[in-house]
Amino acid sequence: MTAPALDPSWVDEVLLADAAGRPGDAPALVFDAPVTRAELRRLVEQKQAVLAAAGIGRTGPGDSVALCLAPSLAFVANLLACWRLGARAALLDHRLTPFEIDAALQRLAPQAVVSAKHATGGPLRGFQDVQERVATYPGRPADTAHALVQLSSGSTGPSKVIARTAANLVEELERYVAIGPGVPQPGERIVCLASMVHVLGLVGGLLYGLHAGAQLVVPQRMTADGILAAVAAGPEPTTLLGVPFHIELLSSGPRPPHLPQLTGMTTGGELVRAQVHEAFADRFGVRLGNMYGMTEVGVIATDLFGEHRPALTPAPGLTVREEQGELLVSLPASPYLGLSDPTRWADGWLHTRDAGAVDPATGRLRILGRNDSQVSVGGLKVDLTEVEHTLAALPGVAAAVVTHDKAIEAYVMLREDTTAAQVQAQLNERLAAFKRPRVLRVVEQLPRTATGKLVRDRALLVAASAAGAESTARTVMEGNTQA
């Protein structure tokens, strides 16, 4: 049974209204310049009028719109305008190719598409100055009460269509508030490095910042210097919000200036390797917290002060249990559109497909990798996550991905003056023979998703390997009995 839609007034009440800790004259967002809450409300009303002129909301709530915009003030205003009209907003990453965008629009069938008519800003820009256009599309009204549609990152295969109701988004915002210490407070700042098209940057950054009265800042440039400049631009206590890729970026290069306003960083996505965690803590001297979540649910568990690493505490209001080595999360309705797969959601439980364990005494959980990372080699179980982490921790390896297709294969980016033979010798010391990759492919660049996750789709990795002029493939363990 479809849940009733939340009244569109939730946008004003939860996100845009003045309230204690979020006065109308206080900056709510900072792109090129600060934008107050009152200014944002006026801009949302303007975008709402443009969408209404294109027919959205003409017959009441329930229309559908696709947004394909770079991070920008235009993105924020159009998203909130859609919701104020009671429309369902589908978010498409602006970095998709025209072919991918066309395929997504055919799947989603919106009635209107908001895209960039003109945009300025290079690939390292944190945001763009966007002049948008609204075009009608031969789609249809939403047939569910969902407010938000996102495509999964596709790091392990084809993307899924994931939908969330407004009530579900509000519940997640309340979870953030209930988590307490480590979550930015009213009057503080969030320097958001994560994409607003994806759940961490969207809910944990943009929507939470508006709800809580924490100023959201997007760096002008997504470089180490640009990020640190964004931190230094204001005196308020500041939290960085990003993914492991950003931690590695900030942990390289010269030692940063003293930043007394930087209180810590929270990272989502993959588990931060111990070596990278230590490098960040040594360099900045602040907390590095970890957050586990999924597009389907949002934040699931946290360890915002690194006190229980690698264990995490379930977020308030959620139940996490372990079943046959897989983590399941309580979720009253399926988050998938066009997918009725009981192996993904059934009877109020979302199957995360993450291998993990829950401590019965504390309730804390540990992520042990993807369920599909467990393979059999000669009758012996091998966790590809363990192999990948071991490989990535080698001093000469910049990044690594490990897959399995009849045999264990590794794709690595090497640092200068490091050879595949040296990597092989180091692996021989650290991994049992049956765990070692049979094939090691050296690539110039490993493909990543739009959220910065390393792609583990073997077809894409093989293509990346073939595309590199200096890519090589070699057998690293002769006589290995891999099946």
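Residues numbered from 1 in each chain as written. Predicted model: local features only at pLDDT ≥ 70, side-chain atom pairs only at ≥ 80, totals over all residues. Heavy atoms only, no water.

## Comments concerning the overall build of the protein
A count of helices and strands for the protein gives twelve helices and 26 strands. Its C-alpha atoms give the protein a radius of gyration of 23 Å, within 12% of the compact-globule value 23 Å for 483 residues. If one aligns the C-alpha atoms of the protein with their principal axes, the spans along those axes are about 70 × 50 × 50 Å. Within the protein, the fraction of its 483 residues that count as buried is 53%. (Helix = DSSP H or I, 4+ residues; strand = E, 2+ residues; numbered from the N terminus. Rg over C-alpha atoms; globule rule 2.2 N^0.38 Å. Buried < 20%, exposed > 50% of the residue type's maximum accessible area, 1.4 Å probe, protein only.)

## As for the packing of aromatic side chains
Evaluation of the coordinates by the stated rule reveals four aromatic pairs. Between the aromatic rings of W10 and W83, the centroid separation amounts to 5.2 Å while the plane-to-plane angle is 45°, which identifies the pairing as tilted. Here the residue W10 occupies a position in helix α1 (residues 10-16), and W83 occupies one in helix α3 (residues 73-84), the gap between them amounting to 73 residues. With respect to class, W10 is no different from W83; both count as buried. Note on F280 and F284: the rings are 4.8 Å apart at their centroids and 35° apart in plane angle, and the pair reads as tilted. Placement of the pair is F280 and F284 together in helix α9 (residues 274-284), with a separation of four residues, close to one helical turn. Each member of the pair F280 and F284 is classed as buried. (Phe/Tyr/Trp six-rings, centres within 6.5 Å; stacked < 30°, edge-to-face > 60°.)

## Some details on the packing of helix α2 (residues 37-53) against α3
At a minimum axis distance of 8 Å, the contact between α2 and α3 shows a crossing angle of 65°. In terms of their interaxial angle, α2 and α3 are classed as roughly perpendicular. Crossing hand, α2 versus α3: right-handed. When α2 is examined against α3, the residues L40, L43, V44, E45, K47, Q48 and L51 are found in contact with a partner set consisting of L73, V76, A77, N78, L80, A81, C82 and R84. (Axes fitted to C-alpha atoms, helices over the stretch in contact; angles between N-to-C directions. Parallel < 35°, antiparallel > 145°, perpendicular 65-115°, else oblique. Left-handed = near helix turned anticlockwise from the far one by under 90°. Contact = heavy atoms within 4.5 Å.)

## Re the pairing of strand β25 (residues 439-442)
By the alternation rule, side chains of β25 split into V439 and R441 and L440 and V442, which are all buried. Strand direction decides the pairing type here: strand β24 (residues 408-414) and β25, joined by four bridges, are parallel. Counted as the bridge partner of E409 is V439 from β25. Considered for its hand, the β-α-β crossover made up of β24, helix α11 (residues 420-430) and β25 is right-handed. (Pairing = 2+ DSSP bridges. Right-handed = clockwise from strand over helix to strand, strands pointing away.)

## What about the environment of A279?
One can find A279 in helix α9. Each C-alpha atom of the pair A279 and Q150 lies 34 Å from the other, and the pair is 129 residues apart in sequence.

## Comments concerning the sheet that holds strand β8 (residues 161-164)
The sheet built from six strands is open, its strands ordered β6-β5-β3-β4-β7-β8 with mixed pairing. The sheet is open, and its two edges are formed by β6 (129-136) and β8, each paired on a single side. Looking at each pair of strands side by side, their axes are set apart by 25° on average, direction ignored. Relative to strand β4 (residues 88-91), strand β3 (residues 64-68) runs parallel, the two sharing four bridges. Bridge pairing in β4 places V65 opposite A89.

## A few points about the side chain of Q215
Note that Q215 resides in strand β10 (residues 215-217). By relative accessible area, Q215 is classed as buried at 14%. Excluding residues that lie within four positions of it along the chain, Q215 makes contacts with P27, A28, V30, E188, R189, I190 and E236.

## What about α3?
Here α3 is twelve residues long and its end C-alpha atoms lie 16 Å apart, about the 16 Å a rise of 1.5 Å per residue gives. Counting buried residues along α3, ten of its twelve residues qualify, which places the element largely inside the surrounding structure. Looking at the residues trailing α3, positive phi occurs at G86, about 80°. (Expected span 1.5 Å × (residues − 1).)

## Details of the nonpolar core
Grouped together as the largest cluster of nonpolar side chains are 66 residues, with contacts concentrated most on L15, L29, L80, W83 and L206. Among all residues touching L206, those that are not within four sequence positions of it are L29, V76, L79, M196, G201 and L216. Judged by nonpolar contacts, the second largest core, of 22 residues, contains V191, M222, V231 and I247. (Core = buried A, V, L, I, M, F, W, Y, C linked by side-chain atoms within 4.5 Å.)

## Focus on the pattern of salt bridges
All told, the structure shown has 13 salt bridges when counted by the stated rule. The closest approach of N and O atoms between K435 and E386, which form a salt bridge, is 3.0 Å. A residue pair is termed long-range when its members are at least 10 positions apart, and K435 in the loop between α11 and β25 and E386 in helix α10 (residues 384-392) qualify at 49 residues. Residue E409 pairs with R458 through a salt bridge whose shortest N-O separation is 3.0 Å. Here E409, found in strand β24, pairs with R458, found in helix α12 (residues 458-467); they are 49 residues apart in sequence, far enough to count as distant. R458 sits in the partly exposed class, given a relative accessible area of 28%. (Salt bridge = Lys/Arg side-chain N within 4 Å of Asp/Glu carboxyl O.)

## So, unusual backbone geometry
Both trends apply: most residues other than glycine have a negative phi, and most peptide bonds are in trans. With an omega of 5°, the peptide bond running from R309 to P310 counts as cis. As for its placement among the helices and strands, P310 is situated in the loop between β14 (298-303) and β15 (311-314). The backbone phi angle of Q324 is positive, close to 50°, even though this residue is not glycine. For Q324, the location among the structural elements is in the loop between β16 (320-323) and β17 (326-330).

## Overview of the environment of R321
By secondary structure assignment, the location of R321 is in strand β16. Considered as a pair, R321 and H118 are 203 residues apart in the sequence and their alpha carbons are 48 Å apart. In this structure, R321 is in contact with E326, L327, L328, W349 and V358, ignoring residues within four places of it in sequence. One polar contact links R321 to E323, side chain to side chain, over a distance of 2.9 Å. (Polar contact = N/O pair within 3.5 Å; in protein donor to acceptor, adjacent residues only side chain to side chain.)

## Comments concerning the state of the cysteines
In this structure the tally under the stated criterion is zero disulfides. C68 forms no disulfide, and the closest cysteine sulfur to it belongs to C82, at a distance of 13 Å. Classification of C68 as buried rests on a relative accessible area of 11%. For C82, a relative accessible area of 0% puts it in the buried group. (Disulfide = S-S within 2.5 Å.)

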